[in-house]
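# Descriptive analysis of the structure
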Amino acid sequence: MLNIEDIIETVNMIRDENLDIRTITMGISLFDCVSDDPDRFAGRIYDKITRTASRLVPCGEELETLYGIPIINKRIAVTPISLLGGSLGPDAYLKAAKAMDRAAKEIGVNFIGGFGALVQKGSTKGADALLSVLPEALSETELVCSSVNVASTKAGINMDAVARMGRIIRETAYLTRDRESIGCAKLVVFANVPQDNPFMAGAFHGFGEPECCVNVGVSGPGVVANAVARAGNCDFSTLADVIKKTAFKITRMGQLMAHEASKRLGVPYGIVDLSLAPTPAQGDSVARILEGMGLEICGAAGTTAALALLNDAVKKGGVMASSHVGGLSGAFIPVSEDAGMIEAVEKNALSLEKLEAMTAVCSVGLDMIAIPGDTPEDVICGIIADEISIGVANNKTTAVRLIPAYGRKEGDSVSFGGLLGHAPVMRVPGASPAAFIARGGRIPAPIHSLRN
Amino acid sequence: MRAIICVTGRDSVGIIAAVSAVCASCGANIVDINQSVLKDFFTMVMLVEIDRLTLPFPEFSGKLSSLGSERGLDIHTMHEDIFNSMHRI
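Residues numbered from 1 in each chain as written. Chains lettered and ligands numbered in written order. Predicted model: local features only at pLDDT ≥ 70, side-chain atom pairs only at ≥ 80, totals over all residues. Heavy atoms only, no water.

### Re the overall build of chain B
Applied cut-off: By definition, any uninterrupted DSSP run of H or I lasting at least four residues is a helix, any uninterrupted run of E lasting at least two residues is a strand, and each is numbered from the N terminus. Both definitions apply: the radius of gyration is a C-alpha atom measure, and the globule rule equals 2.2 Å times residues to the power 0.38. Three labels apply to residues, based on accessible area from a 1.4 Å probe with only protein chains included: buried if under 20% of the type maximum, exposed if over 50%, partly exposed otherwise in between. Residues scored as charged are limited to Lys and Arg (positive) and Asp and Glu (negative), so that His and the chain ends carry no count. Charged groups are reduced to one reference atom each: NZ for lysine, CZ for arginine, CG for aspartic acid, CD for glutamic acid.
The helix and strand tally for chain B stands at three helices and four strands. Sequence-ordered secondary structure for chain B, helices as α and strands as β, is β-α-β-β-α-β-α. The C-alpha atoms of chain B give 13 Å as radius of gyration, which agrees with the globular expectation for 89 residues (12 Å, within 12%). Across its three principal directions, the C-alpha atoms of chain B cover 35 × 35 × 20 Å. Counting every position in chain B, which comprises 89 residues, the buried fraction comes to 47%. In chain B, the 7 positive side-chain charges and the 10 negative ones have mean positions that sit 4 Å from each other.

Quick look at the structure:
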């Protein structure tokens, strides 16, 4: 029989430390939904999603009961819609978004991702059409998420796309102004976007992916925070080992769930995403882990070093626990979804600039950050360009999910509810990058993109 | 298939009897029990075979949870594989 201490440890992780599977995301290819008729296009999308994912939610619930592990989200990721309707106009894309929304509601998932485009080098007719209706699509649907990849280490940064995203974010914030500009919480701008990420809002089913697969995102900041607290005043090597061992255990659970979900749904398992994804709940915060390492508060000098250690140790521990690792894999630092981050911002300990530095050493980027509603478009573009260039220059994924909360100013607070949490409105730099952004064109790929 | 029933809480007379009675009434065969009491804190881990359950697993697990609520105990019932995968390489 198993060691009783191991069993109690696992039960405590789930009962007291918020250990859970954050998401089981089914990736579905929609390439066979292409049509030259907008209604047929939308109809095929709805039919394919509802047919393929009909068992996803019940299956997730069965696994939850059998294994006693909460599976918080069941989600769908589809082929980037911009790739499918090049012969159709903007209206067809809006219909497609609504079809995705209806399908997601029908099967009972809480988000569906993939209403997006990859425009790192330039825009196709399909991408143009999709981007032209993106604010409307985000305001007229509830569950549809969008990601737009504007740069990669190989291609450089498409600054025309960056400028366009600044406009789209502002417009989305305006169109959803009666709901705290929540449309922007469903839109991410990426550099080096992963094509198998199970986490929202950036999930989509890339074009090198199989017809259908399941990807699993694990979580467990609370478990790591408690392990760090138990380790006490040890040196950094010991601390890294403690985090590695904990990440290993968390990931093994994710691997088991991915395997079981794949077997029950009869579709291949894609990857396990080794991420520490916080929620606004107490005891489920990445900031608290950093503070547990000895920082007075998240944002203090030393925060970037602590996060770098955490991110690296999570990957090292997790990678042996899973046969295929992918997605974003690392620590997330979304402000509104992390009680410790919210507190640090409210106490003026954590600024946008410090968050930007932190994103150089962890996965994702400037995530779920509310900024004043009157932030000029070119400032938003400048923030995106800065963040994206960190990803391009460092050959890693970075992303921006900013919410210019309509009618709100610095120091106010916006509440999105549920897992999206609430966010203090943060200060943004006042000086204008307008002439820089207006240059247009592409920032060339860095020299180290030439690796062949 | 085997499941692990983990019971923790304040010690009192008849905890094992009560948990065993639920197992017997539901067709779960007890394979192993490991139990200890430390400063009035009762901990028990019970390994049971669940292939011949007379009711669906969620209902079995629910009955044990209700028993836990009645007696002020925490009772978690989980598939054995979760522990195997987490603690064995």
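Back to the text.
### Observations regarding the packing of aromatic side chains
Residue and element names in this part refer to chain A. How we decide: Pairs were defined over the aromatic rings of Phe, Tyr and Trp, the Trp ring being its six-membered one, requiring ring centres within 6.5 Å. Orientation was assigned from the angle between planes: stacked under 30 degrees, edge-to-face over 60, tilted for the rest. Placement of a positive charge over a ring is assigned whenever Lys NZ or Arg CZ falls within 6 Å of the ring centre and within 35 degrees of the normal to the ring plane.
Applying the stated criterion across every chain yields a total of four aromatic pairs over all chains. Between the aromatic rings of phenylalanine 199 and phenylalanine 332, the centroid separation amounts to 4.8 Å while the plane-to-plane angle is 80 degrees, which identifies the pairing as edge-to-face. Of this pair, phenylalanine 199 sits in the loop between strand 7 (187-191) and strand 8 (212-218) while phenylalanine 332 sits in the loop between helix 10 (303-319) and helix 11 (339-346), and the two are 133 residues apart along the sequence. Accessibility classification places phenylalanine 199 together with phenylalanine 332 in one group, the buried group. Over the ring of tyrosine 174 we find arginine 177, and its NZ or CZ is 4.0 Å from the ring centre.

### What to know about the pairing of strand 7 of chain A
Residues and elements named next belong to chain A. We apply this condition: Any two strands between which DSSP finds at least two bridges are classified as paired.
Most of strand 7 is tucked away, with five of its five residues classed as buried. Taking every second residue as pointing to the same face, both faces of strand 7 are buried, with Leu187, Val189 and Ala191 on one and Val188 and Phe190 on the other. Pairing geometry for strand 7 and strand 11 (residues 398-405), over three bridges, is antiparallel. Of the residues in strand 11, the one forming a bridge with phenylalanine 190 is alanine 399.

### Structural notes on the sheet that holds strand 1 (residues 2-10) of chain B
Residues and elements named next belong to chain B. Basically, it comes down to this: Comment: axis = line fitted to C-alpha atoms, over the contacting stretch for helices; angle = value between 0 and 180 degrees taken between N-to-C directions. Should any heavy atoms of two residues lie within 4.5 Å, those residues are counted as being in contact.
Taken together, the four strands give an open sheet; going across it, the order is 2-3-1-4, and neighbouring strands pair in antiparallel fashion. Every other strand in the sheet has two partners, leaving strand 2 (29-38) and strand 4 (73-79) as the edge strands with one partner each. The sheet shows a mean angle of 10 degrees between the axes of neighbouring strands, taken without regard to direction. Where strand 2 meets strand 3 (residues 41-49), nine bridges bridge the pair, whose relative direction is antiparallel. Paired with serine 36 across the bridge in strand 3 is threonine 43. Contacts between helix 1 (residues 15-26) and the sheet are confined to strand 1, strand 2, strand 3 and strand 4, with strand 3 contributing the most and set at about 20 degrees to the helix.

### Some points on the domain arrangement of chain A
Residue and element names in this part refer to chain A. Under the convention used in this document: Per the annotation, domain bounds derive from an automatic or database assignment of domains. Put simply, a salt bridge is a Lys or Arg side-chain nitrogen that is within 4 Å of an Asp or Glu carboxyl oxygen. For this classification, Asp, Glu, Lys and Arg are treated as charged, while Ala, Val, Leu, Ile, Met, Phe, Trp, Tyr, Cys and Pro are nonpolar and the rest, including Gly, are polar.
Under the domain assignment, chain A is made up of domain 1 (25-191) and domain 2 (214-441). Relative placement of domain 1 and domain 2: their C-alpha centres are 22 Å apart. Counting residues at the interface gives 42 residues for domain 1, matched by 47 residues for domain 2. Our count for the contact surface shared by domain 1 and domain 2 stands at two salt bridges. One salt bridge connects arginine 408 with glutamate 180, and the closest N-O pair in it is separated by 2.9 Å. For the side of domain 1 that touches domain 2, the elements supplying multiple residues, two or more each, are strand 1 (21-28), helix 3 (56-67), strand 2 (71-78), strand 5 (144-152), strand 6 (156-158), helix 6 (159-175) and strand 7. If you tally residues by element for the side of domain 1 that touches domain 2, the top one is helix 6, at 11 residues. Class assignment for the residues of the side of domain 1 that touches domain 2 results in 27 nonpolar, seven polar and eight charged.

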